Amino acid sequence: MYRAGTETSSPSAIDTWSDTRSAADTLLDGESTAGYLLEVVAANAVLGMLVTGFETYTSGRFVELDDEGVPLDFGSVAAAFLSAEERSRMKAGNRTALEEDAIRRRISRSAALADRINFQNYANAKKAFNRGYGLRFGDLTNTTSQRLERVQRLIKYRHRVAHVSPLLGLLNGPECPPEEPFFANRDTMREATREFDLFIRDLHDSTLGLRPAQ
């Protein structure tokens, strides 16, 4: 919901991810006389949805946690993502451009900071949660290093589709061989949906264990 152009209410980060999962499942169940061509296009569209969903969830939850009173180590995150000039101003106790932007837009510092971070980049998302809340992706309860590797690989494939072609049928061409071929089809994207879903829900469960400041 918006009032005078300003957002006043929005779905939670995990609810937005659930919508992404539902949209991906719906698209993968679609049928057409285009046959294999539709399967490739649908698979690549789903991959784009999943990576955008990853970005939307991680950036949204990053801000939500601060709104919920969980202490955000603003300085540590700012040191990793703000410019040298802004870091210098912050160290001197002066207001940064980010803080001025937050005041002008009437948003929190964490929301303004999240806008500076490309959460579609796995390394950035990982660093933001680690530095901001002490939450390490590698320490998630039900997430293996293999799943983290698969999520990163899928993000890379999405970038390849975006910058090469939405009709790309072989997503790991540059790595194949020695890797086994990874094709854009219903089966691979159903598995990709599952991998992202399990990772995000594990991350969300871990954030629920963080406690507000006393």
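Look up: the structure comes first, before these words.
Computed from a predicted structure; not experimentally measured.

## Here we look at the overall build of the protein
Phase 1 of the analysis: Secondary structure summary: the protein contains nine helices and two strands in total.
Phase 2 of the analysis: Along the chain direction, N to C, the helices and strands of the protein fall in the order β-β-α-α-α-α-α-α-α-α-α.
Phase 3 of the analysis: C-alpha extents for the protein along the principal axes are approximately 60 × 45 × 35 Å.
Phase 4 of the analysis: Looking at the protein as a whole, 39% of its 214 residues are labelled buried.
Phase 5 of the analysis: Carbon and sulfur atoms provide 49% of the accessible area of the protein, an area that totals close to 11,600 Å².

## Some details on the nonpolar core
Phase 1 of the analysis: Core analysis: the largest hydrophobic core is formed by 54 residues, its most contacted members being Phe62, Phe196 and Phe199.
Phase 2 of the analysis: When residues of this core are traced back to their parent elements, those giving at least two are helix 1 (13-28), helix 2 (36-67), helix 3 (74-81), helix 5 (97-105), helix 6 (109-116), helix 7 (122-133), helix 8 (145-163) and helix 9 (186-208).
Phase 3 of the analysis: Per-element accounting of this core gives the leading share, eleven residues, to helix 2.
Phase 4 of the analysis: In this view, phenylalanine 196 contacts Trp17, Leu50, Val51, Phe54, Val151, Leu154 and Ile155; residues no more than four positions away in its chain are not counted.

## Side note on unusual backbone geometry
Phase 1 of the analysis: The step from cysteine 176 to proline 177 runs through a cis peptide bond, and the omega angle for that step is -10°.
Phase 2 of the analysis: Here proline 177 is to be found in the loop between helix 8 and helix 9.
Phase 3 of the analysis: Going from proline 177 to proline 178, the amide bond is cis rather than trans, its omega being 10°.
Phase 4 of the analysis: By the element assignment, proline 178 lies in the loop between helix 8 and helix 9.
Phase 5 of the analysis: The phi angle at arginine 106 is positive, at roughly 60°, despite the residue not being glycine.
Phase 6 of the analysis: If you trace the backbone, arginine 106 turns up in the loop between helix 5 and helix 6.

## Some thoughts on the environment of alanine 23
Phase 1 of the analysis: Relative to the elements of secondary structure, alanine 23 occurs in helix 1.
Phase 2 of the analysis: With 153 residues separating them in the primary sequence, alanine 23 and cysteine 176 have C-alpha atoms 30 Å apart.

## A few points about the side chain of serine 110
Phase 1 of the analysis: Summarising the element assignment, serine 110 is placed in helix 6.
Phase 2 of the analysis: Polar contacts involving the side chain of serine 110 include one to the side chain of aspartate 66, which spans 2.9 Å.
Phase 3 of the analysis: Serine 110 has contacts with Phe62, Val63, Asp66, Asp67 and Leu72, leaving out every residue within four places of it along the chain.

## Comments concerning the pattern of salt bridges
Phase 1 of the analysis: Applying the stated criterion to the full structure yields 19 salt bridges.
Phase 2 of the analysis: For the salt bridge of arginine 190 with aspartate 29, the shortest nitrogen-to-oxygen distance reads 3.0 Å. In this pair, arginine 190 is assigned in helix 9 and aspartate 29 in the loop between helix 1 and helix 2, connecting sequence segments 161 residues apart.
Phase 3 of the analysis: For arginine 190, a relative accessible area of 37% puts it in the partly exposed group.

Cut-offs and rules
- Residues numbered from 1 in each chain as written.
- Predicted model: local features only at pLDDT ≥ 70, side-chain atom pairs only at ≥ 80, totals over all residues.
- Heavy atoms only, no water.
- Helix = DSSP H or I, 4+ residues; strand = E, 2+ residues; numbered from the N terminus.
- Buried < 20%, exposed > 50% of the residue type's maximum accessible area, 1.4 Å probe, protein only.
- Areas by Shrake-Rupley, 256 points an atom, 1.4 Å probe, with all protein chains shown as cover.
- Core = buried A, V, L, I, M, F, W, Y, C linked by side-chain atoms within 4.5 Å.
- Contact = heavy atoms within 4.5 Å.
- Polar contact = N/O pair within 3.5 Å; in protein donor to acceptor, adjacent residues only side chain to side chain.
- Salt bridge = Lys/Arg side-chain N within 4 Å of Asp/Glu carboxyl O.

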